[in-house]
Amino acid sequence: MSKSSNTNLISRILEVLIQKVARRTSKQFAIETMQKVIQNCQKSCDVLKYISISKDPYLEPNEIVKVDNLINSVDPKEVFIAVEEILKFTIKDLKKSADYFFIREFQEAVDDIDHLRINTEDLNLGVMQLEYIIDRKQSQLMKKNELIFSVVKALIFSLNQYYQDRKVIDIIKESINYLKEVYVFLDYIRISGKTDGEGFYLIDVGGEINNTLSFILAEGIQKLLELTINKTDLENKDSIIDGFKLKLGDRNLYEIENLGVKLDKIRIEKSKYEEEDIIKKSLESLIKVIGMRTSDKFAVSVVSHILESLKKSNEKSPLSMISIDNSANSSSLPNCSISVSPNIKYAKTKEIARGIQEIVKMAGTHLGNKTISFVDDFKSQLGNNYVTAMEDLGVNFQLLEFKFGS
Amino acid sequence: MSKKIMIVDDNPSIIFSVKEGLELIDKTFEVIGAESGEKCLELLKSGKLPDLILLDIMMPGMNGWDLFAELDKNSEWKKIPVVFLTAKTDVYSTGFGKIVSTDYIEKPFDLTDLKNRINDILKRENV
């Protein structure tokens, strides 16, 4: 690049820049921004002393930028450095008005000017785009400790719905201690035994956390949530995530998802109950509920009849792996033993759920206005843990209640 | 060929009226009465197997539910069609009765209707 083209280079680049900024804001604003930028950049780029920007917005772009020809005596490398500085400062100054596309648009505009394309080969806008992204991420990093603070607070809040304060803190601390060897940033989280004015445990998240790379932070948060939730003995663990989301709020939720946390990928350990346990418990509960209204022995007959009837209507149903022996003696149920083939674990859970649902539906279908209370009693007999386990399996109680209700 | 019907009811007057009525209007009926669930089982054990059982639910001692369960356990007895005699307001007897029993008849019942229902069932069950 010849020294004589320095004037041309810098003036055309500044003209394009003013045009691009003006398109996003206004010409007046673009001029003021450019004046400010050049003034700031002059401290590090002496070459910019040859440039002046006119304040008159009614002038044509090529009249706004005035470049003293003395600039042609300067090494072109210095001009490039100055141009880069101007670009960086402009982007920073524009904040939200400038983005990745602003740089690309600028590059395209510069490329359209043939002689400038050649002259700006050394101006690595691709790198600047990357720097811009990193810079934006860096600005996000400033909020990381605040975000982690909110995450921990929301987690405590959600667990607090089920456990006492002390236990909640213990569970979270245990998880942190376990994970901090891999996710070092977790060590910067301090949950004090003391509470604030509102009775909430004091949480301190060190600013050092802001140096953690986003993807590590995301992975760590996800693991922390996963481990903490799975440490609880709740059957309905999904409700903790629901409570967590609620407390975290939309903005922070967006932030952590933006960071890379995938709440829907958190692996919640499902019910500790095997299919066999669930089937047995559901049949036993059904027998008990029918027995409360008739007699225990008759209830066994009712459920046996239903089971056999459904088995006949669909021989491929997993229900064919279940049998009720009403001649056997059992301590838990009168004259009945329920057996489930171990092969049930190979059956599709959806099919098992459908089978159980059909049994309950058939049992309650002729009870008229007593049906809803029948289902309620059935659920009470099952207990929350088994109701959840059945729902996890795929039994849709709401659908049952809806069908019975209608 | 006579059609053996067993009526299980703790009310002797119902047994009497069903026996007299059915045997009067249809000479092919032979009605056996059992005043309790226990008596029913006793008769069955003695080999008196009817073609159909009319079973009252609310009985002292062994009620209709438990008696049904006992019938259900026995491979021979479970083949006998059972008709529940239920009170109109007894949702559970009719509701669960529909699932396990052959049929149910609400009390008070008309004898001609009872006869027709029994004949229909016996025909259907190929008895």
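Anyway, here's the lowdown on the structure attached to this text. Predicted model only: the values in this text are computed from it and were never measured.

1. Details of the interface of chain A and chain B
- In this assembly, 19 residues from chain A lie in contact with 16 residues from chain B.
- When the two sides are added together, the surface that chain A and chain B hide from each other amounts to roughly 1700 Å², 69% of it contributed by carbon and sulfur.
- Of all residues in chain A, Phe298(A), His305(A) and His366(A) bury the most surface against chain B, accounting for 33% of the area lost on that side.
- Between chain A and chain B we count one salt bridge in total.
- A salt bridge links Lys297(A) to Glu70(B), with the shortest nitrogen-to-oxygen separation between them at 3.7 Å.

2. Considering the layout of surface pockets
- Considering only enclosed or pocket space, the second largest pocket measures out at about 410 Å³ in volume.
- Every residue lining the second largest pocket is counted, 20 residues in all, and those nearest its centre are His305(A), Lys78(B), Ile99(B), Val100(B) and Ser101(B).
- Counting residues per element, the ones that place at least two in the lining of the second largest pocket are helix H13 (296-313) of chain A together with helix H3 (64-73) and helix H4 (91-100) of chain B.
- With five residues, the top contributor of residues to the lining of the second largest pocket is H13(A).
- In terms of residue class, the lining of the second largest pocket is made up of eight nonpolar, four polar and eight charged.

3. Quick word on the packing of aromatic side chains
- Per the stated rule, a full pass over the model turns up eight aromatic pairs over all chains.
- Of the aromatic side chains, those joined through ring pairs into one cluster are Phe298(A), Trp65(B), Phe68(B) and Phe84(B).

4. Concerning the packing of helix H12 (residues 275-293) of chain A against helix H16 (residues 384-393) of chain A
All names here are of chain A.
- Viewed as axis vectors pointing N to C, H12 and H16 meet at an angle of 120 degrees, and their least axial separation amounts to 10 Å. One finds that H12 runs oblique with respect to H16. Crossing of H12 against H16: the hand is left-handed. Touching Glu275, Asp277, Ile278, Lys281 and Ser282 of H12 are Tyr386, Ala389, Met390 and Leu393, all from H16.
- Broken down by class, the residue content of the contact of H12 with H16 amounts to five nonpolar, one polar and three charged.

5. What about the environment of Leu307(A)?
Residue and element names in this part refer to chain A.
- Considering the arrangement of structural elements, one finds leucine 307 in helix H13.
- Residue class for leucine 307 comes out buried when judged on its relative accessible area of 0%.
- Sequence separation of leucine 307 and isoleucine 356 is 49 residues, and the distance between their C-alpha atoms is 9.3 Å.
- Ignoring anything within four residues of it in the chain, the contact list for leucine 307 reads Leu319, Ile322, Ser323, Ile324 and Ile359.

6. Let's talk about the state of the cysteines
- Tallying each qualifying case throughout the model produces zero disulfides over all chains.
- Note on Cys41(A): no disulfide assigned, nearest cysteine sulfur contributed by Cys45(A) at a separation of 5.8 Å.

7. Observations regarding the sheet that holds strand E2 (residues 29-34) of chain B
Residues and elements named next belong to chain B.
- With parallel pairing, five strands are arranged side by side in an open sheet as E2-E1-E3-E4-E5. The sheet is open, and its two borders are formed by E2 and strand E5 (103-107), each paired with just one other strand. Each adjacent strand pair in this sheet contributes to an overall mean axis angle of 20 degrees, direction not counted.
- Of the pairings in the sheet, the one linking strand E1 (residues 3-8) to strand E3 (residues 52-56) comprises four bridges and is parallel in character. Within E3, the residue paired with isoleucine 5 across the bridge is leucine 52.
- Against the sheet, H4 touches strand E4 (82-87) and E5, its axis set at about 170 degrees to E4.

Cut-offs and rules
Residues numbered from 1 in each chain as written. Chains lettered and ligands numbered in written order. Predicted model: local features only at pLDDT ≥ 70, side-chain atom pairs only at ≥ 80, totals over all residues. Heavy atoms only, no water. Contact = heavy atoms within 4.5 Å. Buried area = accessible area lost by both parts, 1.4 Å probe. Salt bridge = Lys/Arg side-chain N within 4 Å of Asp/Glu carboxyl O. 1 Å grid on protein atoms, 1.4 Å probe; cavity = no way out; pocket = protein on both sides within 12 Å on 5 of 7 lines; lining within 4 Å. Points joined across faces, edges and corners; volume = space filled by probe spheres on them. Helix = DSSP H or I, 4+ residues; strand = E, 2+ residues; numbered from the N terminus. Nonpolar A, V, L, I, M, F, W, Y, C, P; charged D, E, K, R; others polar. Phe/Tyr/Trp six-rings, centres within 6.5 Å; stacked < 30°, edge-to-face > 60°. Axes fitted to C-alpha atoms, helices over the stretch in contact; angles between N-to-C directions. Parallel < 35°, antiparallel > 145°, perpendicular 65-115°, else oblique. Left-handed = near helix turned anticlockwise from the far one by under 90°. Buried < 20%, exposed > 50% of the residue type's maximum accessible area, 1.4 Å probe, protein only. Disulfide = S-S within 2.5 Å. Pairing = 2+ DSSP bridges.

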